[in-house]
Amino acid sequence: MSHVSVALDGPSGAGKSTLARMAAKHFGFVYVDTGALYRCIGLFMLRNGVGTEDAPAVESKLKDIHVELSYDSDGVQRMILNGEDVSEAIREPRVSMAASAVSAIPQVRAFLLETQRDMARRYDVVMDGRDIGTVVLPEAQVKIFLTASATERARRRYRELVDKGMDVSFEATLRDIEARDKNDSTRDIAPLRPAEDSVVIDTTEYGLEDSFEFICKAVERKLQGNRDSE
Ligand code: DC
């Protein structure tokens, strides 16, 4: 039997990572956070003084980058950039914008594509991102598009950053979310949009528990279908 892939796409702050982690744990699948890959590229460019909007400069640096996904004993994904664990460094707000900027560059997307597909070939996965159901894993058996209002998403992100001890304001967090939404959904390549065969869940209306239940039911239906056809 081939591996099961659950694609979980949507804008930042819609609850993707929390729900993807919960669902992966529930089914014993591997959780793949693809945004972390783009964040590594963004971080590398920031550290090396490369303008993240300067596509030719970014492209010329890709050959110096090696990114790896690794998992600790609790199954938590760690990001290794040229041998260094950057899992914490990539969470800084400045890296969010850098990741969004570099993600609009086609060569960056192509550079990261195989790493993502390789994970789905090797494991049952819940993969979260922006273009998983549309581009990375168009054959994913379950496709979910999670969304929520920008204000609600900013509220969640703000709480998360404050809890991590970061010095941010709500207004700046909202501006950041709105700017990233615009970047991510208007870019020419692999823009953020629901796959035609995805199920859209608005987490402003449905809380975490309801959304989780919904995702679990969708995956269980698929797994049952696989068993029936064996
Ligand atoms: O999910 P995140 O906030 O960590 O993602 C950071 C940025 O990376 C986001 O603004 C858009 C980009 N991204 C993408 O273009 N495609 C993906 N599959 C995942 C993230």
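Throughout, residues of each chain are indexed from 1 in the direction in which the sequence is written. Only residues with pLDDT of at least 70 get local features here, since the model is predicted, and only at 80 or more are side-chain atom pairs given and counted; chain-wide, interface and lining totals rely on the full set of residues. Where side-chain values are given, they derive from all heavy atoms of the structure, hydrogens and water being excluded.

1. What about the environment of L161?
In step 1: On the secondary structure map, L161 appears in helix α7 (residues 150-163).
In step 2: Each residue is assigned to one of three classes by its accessible area relative to the maximum for its type, calculated with a 1.4 Å probe on protein chains only: buried under 20%, partly exposed between the two thresholds, exposed over 50%. Taking relative accessible area as the criterion, L161 reaches 7% and is therefore assigned buried.
In step 3: L161 sits 33 residues away from P194 along the chain, and the two C-alpha atoms are 27 Å apart.
In step 4: Whether two residues are in contact is decided by their heavy atoms, any of which lying within 4.5 Å being enough. The contact partners of L161, leaving out residues within four places of it in the chain, are R91, P93, M166 and V168. What counts as a helix is a DSSP run of H or I of at least four residues, what counts as a strand is a run of E of at least two, and both are numbered from the N terminus.

2. Points about the nonpolar core
In step 1: The set of buried Ala, Val, Leu, Ile, Met, Phe, Trp, Tyr and Cys residues whose side-chain atoms join them within 4.5 Å is what this entry labels a nonpolar core. One finds M45, V108 and M127 to be the most contacted residues of the largest nonpolar core, which totals 36 residues.
In step 2: Among the secondary structure elements, those contributing two or more residues to this core are β2 (30-33), α2 (35-47), β3 (67-71), β4 (77-81), α4 (93-102), α5 (106-122), β6 (125-129) and α6 (132-136).
In step 3: A per-element tally of this core places α2 first, with eight residues.
In step 4: Once residues lying within four places of it in the same chain are set aside, the contact partners of M127 are V6, A7, L8, V32, T34, Q116, M119, A120, I132, V136 and L137.

3. Things to note about the site of the ligand
In step 1: The cutoff for a nearby residue is simple: one of its non-hydrogen atoms must lie within 4 Å of the molecule or strand. As a matter of local geometry, the ligand sits amid 15 residues, with R39, R109, R130, D184 and R187 nearest to it.
In step 2: As used in this structure description, the phrase polar contact means that two N or O atoms lie within 3.5 Å; if the pair is within protein, one of them must be able to donate a hydrogen and the other to accept it, and residues adjacent in sequence are counted only when both atoms belong to side chains. With respect to the ligand, the side chain of R39 contributes an N or O atom lying 2.6 Å from an oxygen atom.
In step 3: The side chain of R187 places a nitrogen or oxygen atom 2.9 Å from an oxygen atom of the ligand.
In step 4: Here the ligand, which alone exposes 440 Å², has 97% of that area covered by the protein.
In step 5: Those elements that place two or more of their residues in the shell around the ligand are α2, α4 and α8 (170-186). Method for areas: the Shrake-Rupley scheme with a 1.4 Å probe, in which residue coverage is limited to the protein chains shown.

4. As for the environment of R117
In step 1: Within the fold, R117 resides in helix α5.
In step 2: Accessibility expressed as a relative area gives 27% for R117, which makes it partly exposed.
In step 3: Along the primary structure R117 and D184 are separated by 67 residues, whereas in three dimensions their C-alpha atoms are 21 Å apart.
In step 4: With residues up to four places along the chain from it excluded, the contact list for R117 reads V135, V136 and L137.

5. Details of the packing of aromatic side chains
A ring pair, where both rings are aromatic, is described by two values, the distance of the centres and the angle of the planes.
In step 1: By convention, a stacked pair of Phe, Tyr or Trp rings (six-membered ring in the case of Trp) has centres within 6.5 Å and planes under 30 degrees apart, an edge-to-face pair has planes over 60 apart, and any other such pair is tilted. Tallying each qualifying case throughout the model produces two aromatic pairs.
In step 2: Plain terms: the ring middles of F27 and F29 are 5.7 Å apart, the flat faces sit at 40° to each other, and that makes the pair tilted.
In step 3: According to the relative accessible area criterion, F27 is buried, its value standing at 17%.
In step 4: Residue F29 is classed as buried on the basis of its relative accessible area, which comes to 10%.
In step 5: Centroid distance Y158 to F170: 6.0 Å. Interplanar angle 90°. Geometry classified as edge-to-face. In this pair, Y158 is assigned in helix α7 and F170 in helix α8, connecting sequence segments 12 residues apart.

6. Quick look at the sheet that holds strand β5 (residues 84-85)
In step 1: In this scheme, strands are said to pair when DSSP sees at least two bridges between them. Pairing is antiparallel in the open sheet, where three strands are placed in the order β3-β4-β5. Both edges of this open sheet fall to β3 and β5, since each of them pairs with a single strand only.
In step 2: Here two bridges tie β4 to β5, and the two strands are oriented antiparallel to one another. Residue pairing for β5: I80 is matched across the bridge by D85.

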